[in-house]
Amino acid sequence: TPGERAAIGRRIDLEENAARVKKVDVVVHRLPGLTAAVAAWRRVEAAPDWTVRSGTTPVKTAALPEMMEGSVRVNQVEEGWQGWFRLPARLRTGWYVVTVTHAGIARQTVLQVTDVAAYSTVTSTRSLVWVNDLKTNRALSGARVTMAGKGLGTTNRDGLLVARTQGALLAD
């Protein structure tokens, strides 16, 4: 809804039949910035599959500030095989590690909380990016756009940027 911050994360698999999961324990730690968030994301993504069934977490959080901890209700969607949860309090804009524990097994994801929403689509010749400010519910003019490490330009007054697709974005 307008005025609420967007939260971008990733899927966390809990078990074969997620419909049985009613609550999970959640701990949220704040990361110091983008560099730490990228490093944490890489650790989560690189974690071997066996860690999904162990208590091992790829991102060590002992030195990070804890922002919240609690038990949250899992809301079911899609005929009970998928679920979602809402954190018990709002987070400030920034990067976080979220640790979700169910049945003694902890899983992690990296979460970005932002007032900016972006949509992009890429074809073999053109890339389109639309950027919106969630606080004002208006297009975001002058946003610098980078894809695959290459600057594409800035958005116009409508929050749009159309640019030639960079080769790095195309599949081999």
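Structure's up top.
Below you will find a few notes about this structure. (Residues numbered from 1 in each chain as written. Predicted model: local features only at pLDDT ≥ 70, side-chain atom pairs only at ≥ 80, totals over all residues. Heavy atoms only, no water.)

## Describing the side chain of T114
Among the structural elements, T114 can be located in strand β7 (residues 105-114). Within polar-contact distance, the side chain of T114 engages the backbone nitrogen of V116 at 3.0 Å. (Helix = DSSP H or I, 4+ residues; strand = E, 2+ residues; numbered from the N terminus. Polar contact = N/O pair within 3.5 Å; in protein donor to acceptor, adjacent residues only side chain to side chain.)

## Here's the deal with helix α1 (residues 34-46)
In a regular helix each residue adds 1.5 Å, so 13 residues correspond to 18 Å; α1 covers 18 Å between its end C-alpha atoms and thus fits that length. Within the sequence span of α1, burial applies to A37, A40 and V44. Down the axis of α1, the buried side of the element spans an arc of 65 degrees, and every buried residue falls inside it. Opposite the buried face of α1, by more than 90 degrees, sit the exposed residues T35, R42 and A46. Along its buried surface, α1 packs onto β2 (23-31), β6 (94-102) and β7. (Expected span 1.5 Å × (residues − 1). Buried < 20%, exposed > 50% of the residue type's maximum accessible area, 1.4 Å probe, protein only. Arc of directions from axis to C-beta. Contact = heavy atoms within 4.5 Å.)

## Regarding the pairing of β7
In regular strands, side chains alternate between the two faces of the sheet. Counting buried residues along β7, 9 of its 10 residues qualify, which places the element largely inside the surrounding structure. With 9 bridges connecting them, β6 and β7 associate as antiparallel partners. When the bridges of β7 are listed, Y96 appears paired with L111. Hairpin connection between β6 and β7: a loop of 2 residues separates the two successive antiparallel strands, and A103 in this loop has a positive phi of roughly 55 degrees. (Pairing = 2+ DSSP bridges.)

## Observations concerning the nonpolar core
Within the largest apolar cluster, 13 residues are counted, with the highest numbers of intra-cluster contacts made by V24, V26, V28, L91, Y96, V98 and L111. Every element with two or more residues in this core is listed here: β2, β3 (66-73), β6 and β7. Discounting chain neighbours no more than four positions away, the residues touching V26 are M68, E69, G70, V72, F85, L87, V98, T99 and V100. (Core = buried A, V, L, I, M, F, W, Y, C linked by side-chain atoms within 4.5 Å.)

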